[in-house]
Amino acid sequence: MSKIGYARVSSKEQNLDRQLEALQSVSKVFSDKASGQSTERPQLQAMLDYLREGDIVIVTELDRLGRNNKDLTEIMNAIQQKGATLEVLNLPSMNGIEDENLRRLINNLVVELYKYQA
């Protein structure tokens, strides 16, 4: 199990430092300087390709993954299909859950909630 970070800012002029500082404890970080309007982001795709079963994807905020429910649902499904889970640092209810079964249950619930809202 590895902790994999993903950071994103919307434009090349913006700074990733705050997010990267929050992701210091991860094994590997993928970062994009691109709008969240599309899921066609090189490092997002690289991160999804890199994931292995049991990995934990860590983002500082859920909107770093995507800007709308449809995109978030697709990305969260892709993480789930790899057997990995998601931890969002500004959602303390998910932060630090070590039990793999509980982590998967919470991730499944979150994915289902986003599908329902989409």
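Residues numbered from 1 in each chain as written. Predicted model: local features only at pLDDT ≥ 70, side-chain atom pairs only at ≥ 80, totals over all residues. Heavy atoms only, no water.

1. Description of the environment of Asn108
At step 1: Here Asn108 is to be found in helix α4 (residues 100-117).
At step 2: Judged by its relative accessible area of 33%, Asn108 is partly exposed.
At step 3: When the C-alpha atoms of Asn108 and Thr85 are compared, they prove to be 9.0 Å apart, with 23 residues separating the residues in sequence. (Helix = DSSP H or I, 4+ residues; strand = E, 2+ residues; numbered from the N terminus. Buried < 20%, exposed > 50% of the residue type's maximum accessible area, 1.4 Å probe, protein only.)

2. Notes on helix α2 (residues 42-50)
At step 1: What α2 keeps buried is the set Leu44, Met47 and Leu48. The arc that holds every buried residue of α2, seen down its axis, measures 95°, which confines them to one face. Structural note: α2 exposes Pro42 and Asp49 on the side pointing more than 90 degrees away from its buried face.
At step 2: Each element contacted by the buried residues of α2 is listed here: β1 (3-9), β2 (28-33), β3 (56-59) and α3 (69-81). (Arc of directions from axis to C-beta. Contact = heavy atoms within 4.5 Å.)

3. Quick word on the UniProt feature "active site" (unreviewed entry) in the chain
At step 1: Taking the UniProt record as the reference, the feature "active site" (unreviewed entry) is found at Ser10.
At step 2: By the secondary structure assignment, Ser10 is in the loop between β1 and α1 (17-22).
At step 3: Residue Ser10 is classed as partly exposed on the basis of its relative accessible area, which comes to 35%.
At step 4: If we ignore the near neighbours within four places in the chain, the residues touching Ser10 are Ala34 and Ser35. (UniProt positions renumbered as here; feature names shortened; annotations may be inferred.)

4. Side note on the nonpolar core
At step 1: Counting residues in hydrophobic clusters, the biggest one holds 18 residues, and the most contacted among them are Met47, Leu51, Leu65, Ile79 and Leu86.
At step 2: Only β1, α2, β3, α3 and β4 (85-88) provide two or more residues apiece to this core.
At step 3: In terms of residue count, the dominant contributor to this core is α3 (four residues).
At step 4: If you look at the next biggest cluster of nonpolar residues, it comprises seven residues, including Ala7, Leu16, Leu23 and Ile56. (Core = buried A, V, L, I, M, F, W, Y, C linked by side-chain atoms within 4.5 Å.)

5. Points about α3
At step 1: Helix length check: α3, at 13 residues, gives a terminal C-alpha distance of 18 Å against a target of 18 Å (1.5 Å per residue), a fit within 8%.
At step 2: Among all positions of α3, only Asp71, Leu72, Thr73, Ile75, Met76, Asn77 and Ile79 are buried. (Expected span 1.5 Å × (residues − 1).)

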